[in-house]
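Working through the structure, step by step
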Amino acid sequence: MVRANGAVSLRELARVVQTSEVTVRRDVRALEAEGLLDRRHGGAVLPGGFTRESGFPQKSHLATAEKTAIADLAAGLVEEGEAIVVGAGTTTQELARRLARVPGLTVVTNSLLVAQALAHANRVEVVMTGGTLRGSNYALVGSGAEQSLQGLRVSRAFLSGSGLTAERGLSTSNMLSASVDRALVQAAAEVVVLADHSKLGTDTMFQTVPTDVITRLVTDEPPAHDDRAATELQALADQGVQIAVAGSGTSGAGGGESAPARQSRRDVPLPVQRRQLPGGGHPLRSAAAMDPAPERSARVADLRRR
């Protein structure tokens, strides 16, 4: 199933083989040890971070509770009357559903799914890029999309991707998608990345946003055993990324029914003015102040324990 679809959820596997998700999770660990697949939160994907990108149907069933919590928290960053850009992705689609309630908002997007989520919001103006439709994620890509973004200036860009590391920043598996995401970044004064914890520490082929251009990361609470995610969060914080963590109310281990999403927020404000964007754009806004080192270390230690 993973070879055919690129990704599969534990819930779907349990249904197909008619067994419990506990059993499926154990078997998936064994298959990962043999190098046949890679585990992701709530499912499994083809092995290797630089390989095939999963399609929208597969992505939409992975980490759904986490994406909901992230979208709830990210929506609180958007103000009435603001102009923003929103990239393609299942998490940004969730964000768009919440933005329909923000009056006077202007949303520029290359995503048909984002536009659809806002289509009936009579107080939100939606501006779509041109370009060629990429069917796997319902996004407009190519030179037409990039050219339509030239000369645009908005306050914030909300983007997701396939992986996020402190070393390379946000990345994706598709060259055309990466190129459009870079054009979206050029149009924004601040860059907000939406990424659930399973993407932390994952590196894919094409860099979209370098770490020093990311203003803020909105993510979910990693499970207690996920040292990789906690380590990556610390490294991102050390490089000046402001981090907001949303609690999803899940155990973080499997793909079973999740508890209702609870929203919490922990910001890690960090110093230094961010790098000015190429082309003379306004510099990205930095955090107001730096936490004392002991307090920041205590926060990261708390994150690892949780």
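In this report, the structure presented in the accompanying data block is examined.

Parameters and conventions
- Residues numbered from 1 in each chain as written.
- Predicted model: local features only at pLDDT ≥ 70, side-chain atom pairs only at ≥ 80, totals over all residues.
- Heavy atoms only, no water.
- Salt bridge = Lys/Arg side-chain N within 4 Å of Asp/Glu carboxyl O.
- Helix = DSSP H or I, 4+ residues; strand = E, 2+ residues; numbered from the N terminus.
- Buried < 20%, exposed > 50% of the residue type's maximum accessible area, 1.4 Å probe, protein only.
- Axes fitted to C-alpha atoms, helices over the stretch in contact; angles between N-to-C directions.
- Parallel < 35°, antiparallel > 145°, perpendicular 65-115°, else oblique.
- Contact = heavy atoms within 4.5 Å.
- Nonpolar A, V, L, I, M, F, W, Y, C, P; charged D, E, K, R; others polar.
- Arc of directions from axis to C-beta.
- Core = buried A, V, L, I, M, F, W, Y, C linked by side-chain atoms within 4.5 Å.
- Patch = residues over 30% accessible without salt bridge, like charges linked within 9 Å, V, L, I, M, F, W, Y side chains within 5 Å.
- Areas by Shrake-Rupley, 256 points an atom, 1.4 Å probe, with all protein chains shown as cover.
- Pairing = 2+ DSSP bridges.
- Right-handed = clockwise from strand over helix to strand, strands pointing away.

Let us now look at the pattern of salt bridges. Throughout the structure, instances matching the rule amount to six salt bridges. Among the ionic pairs, E190 bridges to R156, the shortest N-O distance being 3.4 Å. Note that E190 is positioned in strand β12 (residues 188-194) and R156 in strand β9 (residues 154-159), a separation of 34 residues in sequence. The exposure classification of E190 matches that of R156, with both residues buried. Through salt bridges with shared partners, a single network forms among D72, E94, R97 and R98.

At their nearest, the axes of helix α2 (residues 10-17) and helix α3 (residues 21-33) sit 9 Å apart, and the two run at 110° to each other. As judged from the angle between their axes, α2 and α3 are roughly perpendicular. Contacts from L10, R11, L13, A14 and V17 in α2 reach E21, V24, R25 and V28 in α3. A per-class count over the contact of α2 with α3 returns six nonpolar, no polar and three charged.

Residues of α2 that are buried include every one of L10, L13 and A14, and no others. Taken end-on, α2 shows its buried residues confined to a sector of 100°, consistent with a single buried face. At the exit of α2 stands Q18, carrying a positive phi of roughly 55°.

This brings us to the nonpolar core. One finds L164, V193, L200, V209, L217, L236 and I243 to be the most contacted residues of the largest nonpolar core, which totals 31 residues. For this core, the secondary structure elements donating two or more residues are β9, α9 (175-186), β12, α10 (227-238) and β15 (242-246). Setting aside its immediate chain neighbours within four residues, L164 contacts G169, L170, V193, A195, K199, L200, G201, T202, I214, L217, E232 and L236. Within the second largest apolar cluster, 26 residues are counted, among which are A69, A96, L118 and V124.

This part covers a nonpolar patch on the surface. Together, L112, M128, L133 and Y138 line one region of the surface with nonpolar side chains, adding up to about 320 Å² of accessible area. Within the element layout of this structure, M128 appears in strand β6 (residues 124-128).

Pairing analysis gives five bridges linking strand β5 (residues 105-109) to β6, with the strands arranged parallel. If you follow T109 over to β6, its bridge partner there is M128. The handedness of the β5 to β6 crossover, carried by helix α7 (residues 112-118), is right-handed.

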